[in-house]
Amino acid sequence: DIGGVRTRYYEDGVGEPLILFHGGHFGSWYSLDCWSLNLVDLAKHFHVYAVDKLGQGHTGNPKSDAGYTFEALFEHALGFVETMGISGGHFLGHSRGALLVANFAIERPDLVKTLVIVDSNTLAPDSPMLPTRRFYTSLPIPPGPPTREGVRVEPEAQSYSNAHITDDFIARMLEVAQLSKNEEAKARIEVLDATVWTPSLNRKRQEILRKIDEEGIPVSTLVIWGANDLSSPLPLAYTLFERIAVKTRQAGMHVLNGAGHYSFREQP
């Protein structure tokens, strides 16, 4: 229970805490299940936590329309970290989850030991040549109730190789897609996207990039990117890293060849 919201999480392993935040937004089909190819091996080295973000996966939805903001999303994530008693953790975020963990590092560096940013168009500076939503709006997802074929469209389009798109992964995505609470969140975000959710997301991105330019990131930071990412093309990674590296004392970047947006699944 995080602020009255029933929250699903995964926990395994011993050692320093490693907290994983997946991508997507309210009502999308992303969940902690995206880490299924990584969790067992990571738990050999870390005390691993993976959490379904607010309004995603099997975690409950915001209590009101005012909760469909980045601020509410961060408050829920922070509540999870505090409830679990995590401090000095390694925070890793994929895609839109990267903006979330970057905000942890900027606002609560007392909780963060290192920061890992993975394939994030959301955190990278906007580019008129690489519009954020062009990839997603062009996906041929069939209308009507979710199906196995429908939920496969996005991960297949995102991938260099489809080998990581296992039957189990698709089954878990479909399970999330068919939840009534997911349908509710999807319906609300369609109404609130342009007026509530996206403005809050853009404000936070600009705020974080400004602080990176002024002060850098106060913890060691690693950027990981798939060389073949179509929704977050590699030039965005270089632009983001260049801004981070100017004033961040310890910063590195690793590009994974033969990997798309789900680089951590294609090259686990």
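Use the structure listed above.
Parameters at a glance
Residues numbered from 1 in each chain as written. Predicted model: local features only at pLDDT ≥ 70, side-chain atom pairs only at ≥ 80, totals over all residues. Heavy atoms only, no water. Helix = DSSP H or I, 4+ residues; strand = E, 2+ residues; numbered from the N terminus. Rg over C-alpha atoms; globule rule 2.2 N^0.38 Å. Buried < 20%, exposed > 50% of the residue type's maximum accessible area, 1.4 Å probe, protein only. Contact = heavy atoms within 4.5 Å. Areas by Shrake-Rupley, 256 points an atom, 1.4 Å probe, with all protein chains shown as cover. Lys, Arg positive; Asp, Glu negative; His and termini not counted. Charge placed at Lys NZ, Arg CZ, Asp CG, Glu CD. Pairing = 2+ DSSP bridges. Axes fitted to C-alpha atoms, helices over the stretch in contact; angles between N-to-C directions. Expected span 1.5 Å × (residues − 1). Bend = angle between axes of the 7 residues up to and from the residue. Parallel < 35°, antiparallel > 145°, perpendicular 65-115°, else oblique. Left-handed = near helix turned anticlockwise from the far one by under 90°. Nonpolar A, V, L, I, M, F, W, Y, C, P; charged D, E, K, R; others polar.

Asker: When you look at the overall build of the protein chain in this model, what are you seeing that I'm missing?
Answerer: Of regular secondary structure, the protein chain possesses nine helices and seven strands. What you see for the protein chain is a C-alpha radius of gyration of 17 Å, in line with the 18 Å of a compact globule of 268 residues. The principal-axis extents of the C-alpha atoms in the protein chain amount to approximately 50 × 40 × 40 Å. Classification of the 268 residues of the protein chain by burial places 55% in the buried group. Taking the contacts inside the protein chain whose residues are at least 6 apart along the sequence as the reference set, 75% of them involve residues at least 24 apart. Of the roughly 11600 Å² of accessible surface on the protein chain, 54% is carried by carbon and sulfur atoms. Of the side-chain charges in the protein chain, 25 are positive and 32 negative, and the distance between the mean point of each set is 2 Å.

Asker: Before we go on, may I ask you to explain the sheet that holds strand β7 (residues 251-256) in this structure?
Answerer: Sheet strands pair by backbone hydrogen bonding; their relative direction is either parallel or antiparallel. Spatially, seven strands are ordered β1-β3-β2-β4-β5-β6-β7 in an open sheet, and the strand pairing comes out mixed. Each edge of the sheet is formed by a strand with only one pairing partner; in this case those strands are β1 (9-12) and β7. If you compare each strand with its neighbour and ignore which way they point, the axes differ by 15 degrees on average. The pairing of strand β4 (residues 89-94) with strand β5 (residues 112-118) spans six bridges and is classified as parallel.

Asker: Any chance you could explain helix α7 (residues 180-215) here in plain terms?
Answerer: Structurally, the α-helix is built with 3.6 residues per turn, so residues lying three or four positions apart point the same way. A rise of 1.5 Å per residue sets the reference length of α7, with its 36 residues, at 52 Å; its end C-alpha atoms lie only 44 Å apart and thus fall more than 12% short of the reference. Of all the bends in α7, the greatest measures close to 95 degrees and is centred on Asp193. Positive backbone phi, at 75 degrees, marks Gly216, one or two positions downstream of α7.

Asker: What am I meant to see in unusual backbone geometry here?
Answerer: As a rule of thumb, non-glycine residues mostly have phi less than zero, and peptide bonds are mostly trans rather than cis. The phi torsion at Ser95 lies on the positive side, around 55 degrees, for a residue other than glycine. Topologically, Ser95 is positioned in the loop between β4 and α3 (96-107). Of note in this structure, Asp119 is not a glycine but carries a positive phi near 45 degrees. Secondary-structure assignment places Asp119 in the loop between β5 and α4 (134-137).

Asker: Would you explain helix α2 (residues 70-83) in this entry?
Answerer: Along its 14 residues, α2 runs 20 Å from first to last C-alpha, staying within 8% of the 20 Å computed at 1.5 Å per residue. When you tally the buried positions in α2, you get 10 out of 14 residues, the bulk of the element. Restricting attention to buried positions, one finds in α2 the residues Phe70, Ala72, Leu73, Phe74, His76, Ala77, Leu78, Gly79, Phe80 and Val81. Check the buried side of α2 and you find it contacts β1, β2 (17-21), β3 (47-51), β4, α3 and α7. Looking one or two places after α2, you find Gly85, whose phi comes out positive at around 70 degrees.

Asker: I keep staring at the packing of α2 against α3 and nothing clicks. Help me out?
Answerer: Two measures define how a pair of helices packs: the angle their axes make with one another and the distance between the axes. Two numbers describe how α2 lies on α3: the axes approach to 11 Å, and their chain directions differ by 70 degrees. Put simply, α2 runs roughly perpendicular to α3. For the crossing formed where α2 meets α3, the hand is right-handed. Facing α2, whose interface residues are Phe70, Leu73, Phe74, Ala77, Leu78 and Val81, α3 presents Leu99, Leu100, Asn103, Phe104 and Glu107. Tallied by class, residues from the contact of α2 with α3 come to nine nonpolar, one polar and one charged.

Asker: Would you explain the pairing of β2 in this entry?
Answerer: Successive side chains on a regular strand alternate, one facing one side of the sheet and the next facing the other. Most of β2 sits out of view: five of its five residues are buried. Residue alternation in β2 divides its side chains into two sets, Pro17, Ile19 and Phe21 and Leu18 and Leu20, and both sets are buried. The sheet contact formed by β2 and β3 spans five bridges and is parallel. Following the sheet pairing, Phe21 is matched in β3 by Val51. The pairing of β2 with β4 spans four bridges and is parallel. Bridge assignment links Leu20 to a residue of β4, and that residue is Leu92.

These figures capture arrangement, not role.
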